Amino acid sequence: MCATKVHSHSKPSLLKSVLTNKCSHCRRGDLYQYHNPYNLKTFMKMNETCPVCGQPFEI
Ligand SMILES: [Zn+2]
């Protein structure tokens, strides 16, 4: 569990993080991947963990 990439300052608001599908833990990492918005198969691929803080995204 390495949290050195987490920046504790200037967090976006929780409400904004929810509306923009951001990580509820650090509110910075993206919940979904948007590698190719023109390919519907991978349009809304959900990350297994937060790319910023490593928080697992469990449904
Ligand atoms: Zn996170």
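Quick note: structure is the one above.
As a starting point, this report considers the structure included with it. Treat the numbers as computed from the prediction; the structure is a model and nothing was measured. (Residues numbered from 1 in each chain as written. Predicted model: local features only at pLDDT ≥ 70, side-chain atom pairs only at ≥ 80, totals over all residues. Heavy atoms only, no water.)

### Let's talk about the coordination of the zinc ion
(1) Moving on: Every protein donor of the zinc ion is listed here as C23 (SG), C26 (SG), C50 (SG) and C53 (SG), and their distances to the metal cover 2.2 to 2.3 Å.
(2) Moving on: Between the 4 donor atoms coordinating the zinc ion, the angles at the centre fall across 106 to 112°, so the site counts as tetrahedral.
(3) Moving on: Here the donor residues of the zinc ion share one chain and are spaced in sequence as C-x2-C-x23-C-x2-C. Placement of the pair is C23 in the loop between helix 1 (14-19) and strand 1 (32-33) and C50 in the segment after strand 2 (45-46), with a sequence separation of 27 residues.
(4) Moving on: In this structure C23 comes out as buried when scored by relative accessible area, which is 0%. (Donors = N, O, S within 2.8 Å, 3.2 Å for Na, K, Ca; no water. Tetrahedral: all angles 85-135°; square planar, octahedral: opposite > 155°, others 65-115°. Helix = DSSP H or I, 4+ residues; strand = E, 2+ residues; numbered from the N terminus. Buried < 20%, exposed > 50% of the residue type's maximum accessible area, 1.4 Å probe, protein only.)

### Structural notes on the side chain of N47
(1) Moving on: By the element assignment, N47 lies in the segment after strand 2.
(2) Moving on: For N47, a relative accessible area of 10% corresponds to the buried category.
(3) Moving on: Each residue touching N47, except ones within four places of it in the same chain, is listed here: D30, L31, Y32, Q33 and F57. (Contact = heavy atoms within 4.5 Å.)

Note that all results are geometric; they support no functional claim without further evidence.
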